[in-house]
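Summary of structural features
The primary structure of each chain is shown beneath.
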Amino acid sequence: MPKTDPNSGGVRLECGGELTFSTVSAWEREAQQILKQVKAGDRVILDLSGCEKMDSAGVAFCLNLKRRIAQKDCLFEVLPPKGGQASEVLQVFRIKKPKAVEKEKEGFLERAGSLAYAFANACLEMLTLFVDTLYYTVKGAFSKKTPVRWAHVVEQMVRIGLESLGIIALLSFLVGLTVALQSAYQLRRFGANIYIADLLGVAMTREMGPLMTAILVAGRSGASIAAEISTMVITEEVDALRTMGIHPVRFLVVPRFLGATIMQPLLTVTSDLLGIMGGFVIAVFYLGLGINAFTKELIEALFIKDLLTGLVKSVAFAWIIVFVAAFRGFRVRGGAEGVGLATTASVVQAIFMVIAADAFFSLLFYFGD
Amino acid sequence: MDAVIEVKNLFAGYNDDLVLKAVSFDVKPLRITTIVGPSGCGKSTLFKSIIGLLPPKEGKVLVFGKDIYSMDEEKRLEVMQKVGFLFQGGALLNSLTVLENVALPLREHTKLSNSIIEEIVRLKLELVGLSDAWHLLPGELSGGMRKRAALARALALDPEVLLCDEPSAGLDPQTAAGLDTLLLELRDLLKMTIVVVTHEIPSIQKIADDVIMLSVGGTLVFSGTLDEAKRAEREEVKAFFARMPGEASKDSVPVAKFLLAAE
């Protein structure tokens with residue numbers, strides 16, 4: 001129990017008996033009370049003379065009390081245990097000597113500075129990754145010494161492209177169907193049924209197709225690239241590649257970069273077609289348009305430029321997805337948790353950058369016309 | 001003969017932490033050099049600096065007389081092809097089989113046909129006693145097998161220098177002894193220069209020609225032949241070979257002393 005010490009005017013906490021895992025919580029409450037009472041300059045005495053048994057929880061309690069009392073600018077005194085197990089335990093456990101110079105707390109400017117520095121560093125790393133990838137791709141295409149690993153490019157084309165085909169086709173069809181259904185209701189009111197073909201054709205090829213494909217690929221392949229590379233960094237596989245004289249970017253990023261660059265436009269075209277087909281179903285069965293009328297209107301409304309706009313976008317999106325995933329993968333820190341964070345960050349950042357780039361392209365093409 | 005690896009006044013570390021301070025030594029050709037020292041003294045950091053993964057904050061690392069950090073990355077990768085490195089955990093590529101792992105450096109750096117490459121891989125796997133496991137994935141191997149597969153990969157291109165980070169850690173004494181014999185054979189028969197980080201005194205006694213010792217603070221304590229090391233007067237070296245427990249760290253105090261100290 002805390003007691004007021006008549007001799008010194010200080011507060012005394014007599015920890016008699018056991019100071020162990022089972023009793024420390026009770027002593028903590030006592031200590032809390034003392035800490036509430038005392039003012040700066042007061043004296044606090046931790047009396048361990050009656051303490052017979054102590055374990056690591058007890059030692060931690062004493063250390064913690066000393067620190068908290070020091071924070072209140074009180075004087076702290078300890079009466080050590082009178083020999084026995086408690087006194088031995090206090091000798092066995094060791095702590096680091098407090099450092100003479102405490103690290104100064106970062107001020108606002110320092111913090112802003114280090115954040116800006118970290119950001120600039122990250123941008124530089126991303127740029128290096130980009131340049132390295134282009135360099136090894138171009139070099140690999142012409143050099144016999146370090147050729148592009150085409151077998152791996154094909155493997156990536158299958159993984160990024162072929163294996164995503166089903167889900168992208170299905171979703172595009174459903175989105176085309178939904179967009180058409182929503183628009184059909186409005187168009188009907190104005191008797192403008194036929195324009196469903198224009199609307200769908202332009203929307204799918206210029207916007208929906210590339211964007212939906214990119215979001216799906218970012219979630220599917222982007223995540224897998226980030227997880228794969230970050231795991232390889234953590235298990236030192238990337239270091240092993242370097243020691244074998246193999247540049248990790250050439251070995252890991254180039255095949256994925258080429259695979260995505262080739263497959264993303266193809267996936268986008270598939271998405272365009274299936275989306276339009278979804279709309280076609282609505283146009284024919286709900287709006288009662290003829291097959292020929294729909295096709296004729298669609299061909300008249302669509303320009304090659306619309307299709308090309310979508311394809312240019314799709315390549316840009318593929319690059320964003322691969323570079324963000326590889327960048328996040330190579331920057332991973334820590335263990336399994338780091339892999340999870342890298343993967344999540346890769347998907348979120350890639351989707352964000354894809355949408356931002358899409359907005360940029362829309363402005364560019366709109367005002368560029 | 002000229003040193004194969006020269007470390008000159010090396011300061012290295014991560015971010016603001018300096019792990020190695022003013023370390024200098026030479027690795028002489030056709031000898032086995034063991035790097036010893038307590039845990040956390042910077043042995044792995046030293047290896048990372050030597051194999052080109054951690055640029056020094058100060059000082060130089062010369063491999064075959066060339067400063068590996070002043071050349072561009074491609075040149076460095078070329079030099080590193082002559083250096084085999086065995087990672088502590090093996091660092092095999094998990095998506096490739098043992099055969100593909102060992103074949104990787106051969107496929108990347110040579111123009112040999114597939115059948116010759118597979119022949120070489122078989123030779124190397126036989127050398128490390130792993131010829132039956134060629135078709136397995138690293139995840140299907142035991143710790144010792146993984147290490148031996150990684151050794152086979154490090155030996156794939158017949159490197160002139162082989163660096164091994166704790167090759168026998170976590171292995172049973174018999175397998176570890178087998179690995180020691182293998183290292184001796186590599187030195188004598190294949191004329192390799194070998195650098196090994198290890199804690200195992202029996203292993204050091206058996207294979208080491210030279211010993212380099214680092215201390216807890218990341219400074220060089222000793223550099224010389226095994227015989228010189230055994231006769232060394234320095235306390236840390238004596239204590240290591242006598243397997244005496246290290247002193248408690250000087251920057252920590254017993255809790256009792258800390259509690260009783262006045263603010």
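Residues numbered from 1 in each chain as written. Chains lettered and ligands numbered in written order. Predicted model: local features only at pLDDT ≥ 70, side-chain atom pairs only at ≥ 80, totals over all residues.

Quick look at the sheet that holds strand S4 (residues 58-63) of chain B now. Residues and elements named next belong to chain B. If you trace the four strands from one edge of the open sheet to the other, you get S2-S1-S4-S5, paired in antiparallel fashion. Each end of this open sheet is capped by a strand with a single partner; those strands are strand S2 (17-27) and strand S5 (66-67). Relative to strand S1 (residues 5-14), helix H1 (residues 43-50) is tilted by about 115°, and along the sheet it contacts S1, S2 and S4. (Pairing = 2+ DSSP bridges. Helix = DSSP H or I, 4+ residues; strand = E, 2+ residues; numbered from the N terminus. Contact = placed C-beta atoms within 7 Å. Axes fitted to C-alpha atoms, helices over the stretch in contact; angles between N-to-C directions.)

Right, let's talk about the domain arrangement of chain A for a bit. When cut into domains, chain A gives domain 1 (2-92) and domain 2 (120-368). Taking only C-alpha atoms into account, the centre of domain 1 of chain A sits 64 Å from that of domain 2 of chain A. (Domains from an automatic or database assignment.)

Strands in a sheet are paired, the pairing made by backbone hydrogen bonds, and the direction either parallel or antiparallel. All names here are of chain B. An order of S6-S7-S8-S3-S9-S10 is seen for the six strands of this open sheet, with the pairing classed as mixed. Both edges of this open sheet fall to strand S6 (83-86) and strand S10 (220-225), since each of them pairs with a single strand only. Strand-to-strand twist of the sheet, defined as the mean angle between neighbouring strand axes without regard to direction, takes the value 10°. Where S6 meets strand S7 (residues 161-165), four bridges bridge the pair, whose relative direction is parallel. Directly across from glycine 84, in S7, lies its bridge partner leucine 162.

Residues and elements named next belong to chain B. Split into domains, chain B comes out as domain 1 (1-77 + 162-167 + 181-247) and domain 2 (83-158). One C-alpha centre belongs to domain 1, the other to domain 2; they are set 25 Å apart. Each partner contributes residues to the interface: domain 1 has 10 residues there, and domain 2 has 10 residues. With four residues, the top contributor of residues to the side of domain 1 that touches domain 2 is S7. In the side of domain 1 that touches domain 2, the residues fall into eight nonpolar, no polar and two charged. (Nonpolar A, V, L, I, M, F, W, Y, C, P; charged D, E, K, R; others polar.)

A few words on the interface of chain A and chain B. Taken residue by residue, the interface counts 26 residues in chain A and 29 residues in chain B. Put simply, the parts of the chain that give the side of chain A that touches chain B at least two residues each are helix H2 (56-71), strand S6 (75-79), helix H3 (84-92), strand S7 (94-96) and helix H7 (237-243) of chain A. Its residues placed into classes, the side of chain A that touches chain B shows 13 nonpolar, five polar and eight charged. Bridge count between S7 of chain A and strand S11 (residues 252-254) of chain B: three bridges; the pairing is antiparallel.

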